[in-house]
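Chain by chain, the residues run as shown.
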Amino acid sequence: MITFIKRRPYVLFLVPGIILYTALIIYPIFSAMQLSLYEWNGIGPKTFVWIRNYVELFTDDFLMSQFTNALGNSLKLFALTVFIQTPLQIILAYMVYSKMKNHRLAQVTIFAPQFISTPIIVFIFRLLLDDNVGVVNNLFRMIGLDAFAKPWLGVPELGIFFMYLMITWGGIGVGMTFLIGAMNMVSVDGLEAAYIEGAGFWTRLMKVILPQIRATIINLILIAYIYAMTMFDFSYVLGGNTGGVGGSIDVMALFFYRIAFGDSNPVGGKISSNSIGMGTTIACVLFVLIFAISLTQILYMSKGEEDR
Amino acid sequence: MHKDLRSPSARIIRCIMLLFTGFNIAILIYMFYNSLRPRTDFLTNTFGLSVNLTIDNFIKIVVKDGFFRYFLNSFLILAGALILSILLSSTVAYGLGHYKFRFKRFWKTYFLVGLMFPIQLSIVPVFLITKQLNLINTFTSVILIFGSSISMAVFLLTNFFANLPHEIYEAAVIDGAGEFRTFAQIMFPLASPVVFSMSILTAVNIWNQFFVPLIFLQSDSKKTLPLLVMKYTKKLLMTIDSAFAVSILATVPILILFIIFSSEILKGIAEGGVKG
C-alpha cells in the first residue's frame, strides 16, 4: 500500500477532492435521476412508478401550466440578459478600459451592489417604487403627474421587468469586470494600427476588440443561461412561494422548490405525497435543459486546453 | 489614443455612468439617513427633514436581535467553505496539473462536469444525504456543499500548475523535500495569485447564497444574514425602521472592505474571468 502511493504520489492529492466532489456534486445527479422514478415524499412508502412522474408533469394541466409559465419567465430573463445586459456590460467595460475620467469611481460603484444581499436589493427597490413611501411616485406627484403614480411592483405584467432591473443593478458589475479583464489582454498593436488608419472610438471596439474577446462574451452568455435556469432568490423574496400574483415572476428553480420543499404546498393531495418524486423529476428536466447548452461550453473549454 | 473619448456619444455615456454612480451613492445615504429615524417619523413625513434622529433602531437590531450572531454565522460559513474549497481544489489541481498518469484526461473532464450541475438541481439528494448524516441544521452541511463546488477552481489551477517549469519541482526534490512539502511550501505559494482571484469569486458567490442556507439552516440561531434581513423587509411598513437599520449593518462593513481592497478584488475578478 505504501509503495503503491510512493510510486503514485498524485493519488494522495486527488483522493480528498474526489471523495467530496463525487459525494456532493456527481452522485446527487444520478441519485436524483433514480428518485425521479419513484413516488415518494421522503418519509412514507416509496413506490417505483417508472416514468409516470414525467408523464404526469407533462400531461397534468395544473403542473404543466406552472412549468411553461416558469420556463417562459426564465427564458425571458435569459433573453433580457443577452439583448440588454451583455451589450450594456460591453459598453461599460469599454469606457472603463479606455480610462475615461473617474473610471475607477464608476467601476467601484457599479460593482459594489454585488455585495448587497438579495433581500436588501429588493428592499431598496421597494423604497423606490412603493405606492406610498416610494421615491418615484412621490417625484411624479411633486411635478403634478399624479396619473403616473402607480403601485409599480403590484402590476403583474411589469413584475418580471422590475425583477430583472433589480438583478441587473445587483449583478452587472461582475460581467463588466470579466470583460475589462478580457479587453486588457487585447494587444495594443492592433488597436494602434486601427487608430492610425483612422478608426474611431466605437469602430475600434467593434472591429478590433470584440472579435478578440468573443470567448469571454460566449462564456458570459452561457453563465447567464445557467443563471436564468437556476435563479431563485429574487423570485422568492419578491413573490414568495408562488412567484408573485398569478405566477408573474415564477421561475424554474422556484417551481422546483415549491414542489420539493414548499411547506405550505398549495398543490396539496397527490403532489405533496409525492414531493420528492415530482421534485426530482422537475430537477432532471431542468438538468437536461442546462446540459444541452452547457455541454457546448465544456467541449469548448477542453478544446481550448488541447490548443495549449 | 484616448482623446476621442471626447466624442459626443462617449461623453453622453460617461455622463450616464457618473449619474448612475451618483444614484448608487445617493441610495446609500438615503438608507443611512432613514435608519436613524423612528418609524412613525418616516411614515408620516417620508421625505421631510427629521428633527429627532436616534440610533435606537441599531440598538434594537444589535441588542435585541443579536445581529452579530447572524453576521458571525454568515462569516463562519464563508470562511469554512473558502478554506475547504481552496484545500480541495489546489490539491486536486496540483495532482492533475503536475503529475503524469493514465486516465488523467478522464479525471480532468470529471472535475469539469460539475460546471453543468448547479447545486439547485441536486439539492434533494444532498438533503437526503445530510439528513442521514444528521447534518441538517448545521454549518457543516452548508460548508461541505459550498466547499465541494470546485470545478471552476480546479480548471483554473490545473492549467497554472501544468505550466509551471518542472525545474522548480526538481530543485525541491533534490533538496530532499517530500512530495507534500514541495507542494505546501513551494508550489502552493507560487499559485497564490491565482488562488486569490479564484477565492474572491468564490467568496462573492457564497456570501450572497440564499437557496442553500434557506433549506439547510432551519433554526433561528443558525440563520444567515440574508435570512435575518428578510424577516424585516418582508412586511415593508410594519418593520421598516428595523429594515433600514439591518440593511445598513449588513451592507456597510462589506462595502468598506470592498472599497479598501477594491483594486485587488477587481483585478482578481478580471483575471479569473479571462481564464474562465
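Predicted, not measured: the structure shown is a model, and the values here were computed from it.

1. Focus: the overall build of chain A
Counting its regular elements, chain A contains 15 helices and two strands. Considering only C-alpha atoms, chain A reaches an extent of 80 × 75 × 35 Å along its principal axes. Classification of the 308 residues of chain A by burial places 44% in the buried group. In chain A, once contacts between residues fewer than 6 apart in sequence are set aside, the share between residues at least 24 apart is 64%.

2. So, the overall build of chain B
When you go through chain B residue by residue, the secondary structure sums to 14 helices and zero strands. Counting only C-alpha atoms and orienting by the principal axes, one finds that chain B spans roughly 75 × 65 × 35 Å. Here chain B holds 276 residues, and the buried ones make up 41% of them. Taking the intrachain contacts of chain B between residues at least 6 apart in sequence as the baseline, contacts between residues at least 24 apart amount to 77%.

3. Focus: the domain arrangement of chain B
Each assigned domain of chain B is listed with its residue range as follows: domain 1 (3-60) and domain 2 (66-233). Once you take the C-alpha centre of each, domain 1 of chain B and domain 2 of chain B turn out to be 37 Å apart.

4. Notes on helix H12 (residues 225-233) of chain B
Extensive coverage of H12 of chain B is indicated by the burial of seven of its nine residues. Among the residues of H12 of chain B, those classed as buried are Leu 225, Pro 226, Leu 228, Val 229, Met 230, Tyr 232 and Thr 233 of chain B.

5. Remarks on the packing of helix H4 (residues 67-98) of chain B against helix H7 (residues 139-148) of chain B
Packed helix pairs are specified by the crossing angle of their axes together with the interaxial distance, meaning the distance between the axes. Residue and element names in this part refer to chain B. Packing of H4 against H7 leaves a shortest axis separation of 8 Å and a crossing angle of 40°. In terms of their interaxial angle, H4 and H7 are classed as oblique. Judged by the sense of rotation from one axis to the other, the crossing of H4 with H7 is right-handed. On H7, the residues touching Leu 76, Ile 77, Gly 80, Ala 81, Leu 84, Ser 85 and Leu 88 of H4 are Phe 139, Val 142, Ile 143, Phe 146 and Gly 147.

6. Considering the confidence of the model for chain A
Residues and elements named next belong to chain A. Summarising the model, chain A shows a mean pLDDT of 87, and 94% of its residues fall at 70 or more. Ranking the helices and strands of chain A by mean pLDDT puts helix H4 (residues 61-97) first, with 94, and helix H14 (residues 269-272) last, with 54. Contacts for the low-pLDDT stretch residues 264-270, under 50 throughout, to residues beyond four places or in other chains number five contacts.

7. Looking at the interface of chain B and chain A
How big an interface is tends to be stated in terms of the accessible area lost upon association of its parts. With 75 residues of chain B in contact, the opposing surface of chain A contributes 80 residues. The dominant element in the side of chain B that touches chain A, judged by the number of residues it contributes, is helix H1 (residues 8-35) of chain B, at eleven residues.

8. Points about the environment of Leu 222 of chain A
Residues and elements named next belong to chain A. With respect to the helices, strands and loops of the structure, Leu 222 is situated in helix H11 (residues 214-230). Sequence spacing of Leu 222 and Ser 294 is 72 residues, and the spatial spacing of their C-alpha atoms is 6.8 Å. Sequence-distant contacts of Leu 222, that is, excluding residues within four places in its chain, are made with Ile 293, Ser 294 and Gln 297.

9. Thoughts on the domain arrangement of chain A
The assigned domain composition of chain A is domain 1 (1-27) and domain 2 (36-307). Centre-to-centre separation of domain 1 of chain A and domain 2 of chain A, based on C-alpha positions: 36 Å.

10. Quick notes on the environment of Asn 52 of chain B
Residue and element names in this part refer to chain B. With respect to the helices, strands and loops of the structure, Asn 52 is situated in the loop between helix H2 (39-44) and helix H3 (56-64). On the neighbour-count criterion, Asn 52 (9 C-beta atoms within 10 Å) is exposed. Sequence-wise, Asn 52 and Leu 228 are 176 residues apart; in three dimensions their C-alpha atoms are separated by 27 Å. For Asn 52, the contacting residues outside a window of four places in its chain are Pro 38 and Asp 41.

11. Here we look at unusual backbone geometry
At Asn 102 of chain A, a position not held by glycine, the phi torsion is positive, near 65°. Along the chain, the position of Asn 102 of chain A falls in the loop between H4 and helix H5 (103-111). Here Phe 103 of chain B, not a glycine, exhibits a phi torsion of approximately 65°, which is positive. Structurally, Phe 103 of chain B is set in the loop between H4 and helix H5 (104-112).

12. Concerning the packing of helix H2 (residues 10-35) of chain A against H7 of chain B
Running from N to C, H2 of chain A and H7 of chain B cross one another at 100°; their axes reach a closest spacing of 9 Å. The angle between H2 of chain A and H7 of chain B places the two elements in the roughly perpendicular class. In this structure, H2 of chain A contributes Leu 20, Tyr 21, Leu 24 and Ile 25 of chain A to the contact, and H7 of chain B contributes Leu 144, Ile 145 and Ser 148 of chain B. Per-class residue counts for the contact of H2 of chain A with H7 of chain B are six nonpolar, one polar and no charged.

13. Observations concerning the nonpolar core
Residues and elements named next belong to chain A. The biggest cluster of nonpolar side chains holds 152 residues, and the ones touching the most others in it are Ala 93 and Phe 256. For this core, the leading source of residues is helix H8 (residues 156-185), giving 14 residues. Once you skip the residues sitting within four places of it in the chain, Ala 93 turns out to touch Met 176, Leu 179, Ile 180 and Met 183.

14. Some thoughts on the environment of Arg 6 of chain B
Relative to the assigned elements, Arg 6 of chain B resides in the segment before H1. Sequence spacing of Arg 6 of chain B and Val 246 of chain B is 240 residues, and the spatial spacing of their C-alpha atoms is 43 Å.

About the cut-offs
- Residues numbered from 1 in each chain as written.
- Chains lettered and ligands numbered in written order.
- Predicted model: local features only at pLDDT ≥ 70, side-chain atom pairs only at ≥ 80, totals over all residues.
- Helix = DSSP H or I, 4+ residues; strand = E, 2+ residues; numbered from the N terminus.
- Buried ≥ 20, exposed ≤ 12 C-beta atoms within 10 Å, placed from the backbone.
- Contact = placed C-beta atoms within 7 Å.
- Domains from an automatic or database assignment.
- Axes fitted to C-alpha atoms, helices over the stretch in contact; angles between N-to-C directions.
- Parallel < 35°, antiparallel > 145°, perpendicular 65-115°, else oblique.
- Left-handed = near helix turned anticlockwise from the far one by under 90°.
- pLDDT = per-residue confidence, 0-100.
- Nonpolar A, V, L, I, M, F, W, Y, C, P; charged D, E, K, R; others polar.
- Core = buried A, V, L, I, M, F, W, Y, C linked by C-beta atoms within 7 Å.

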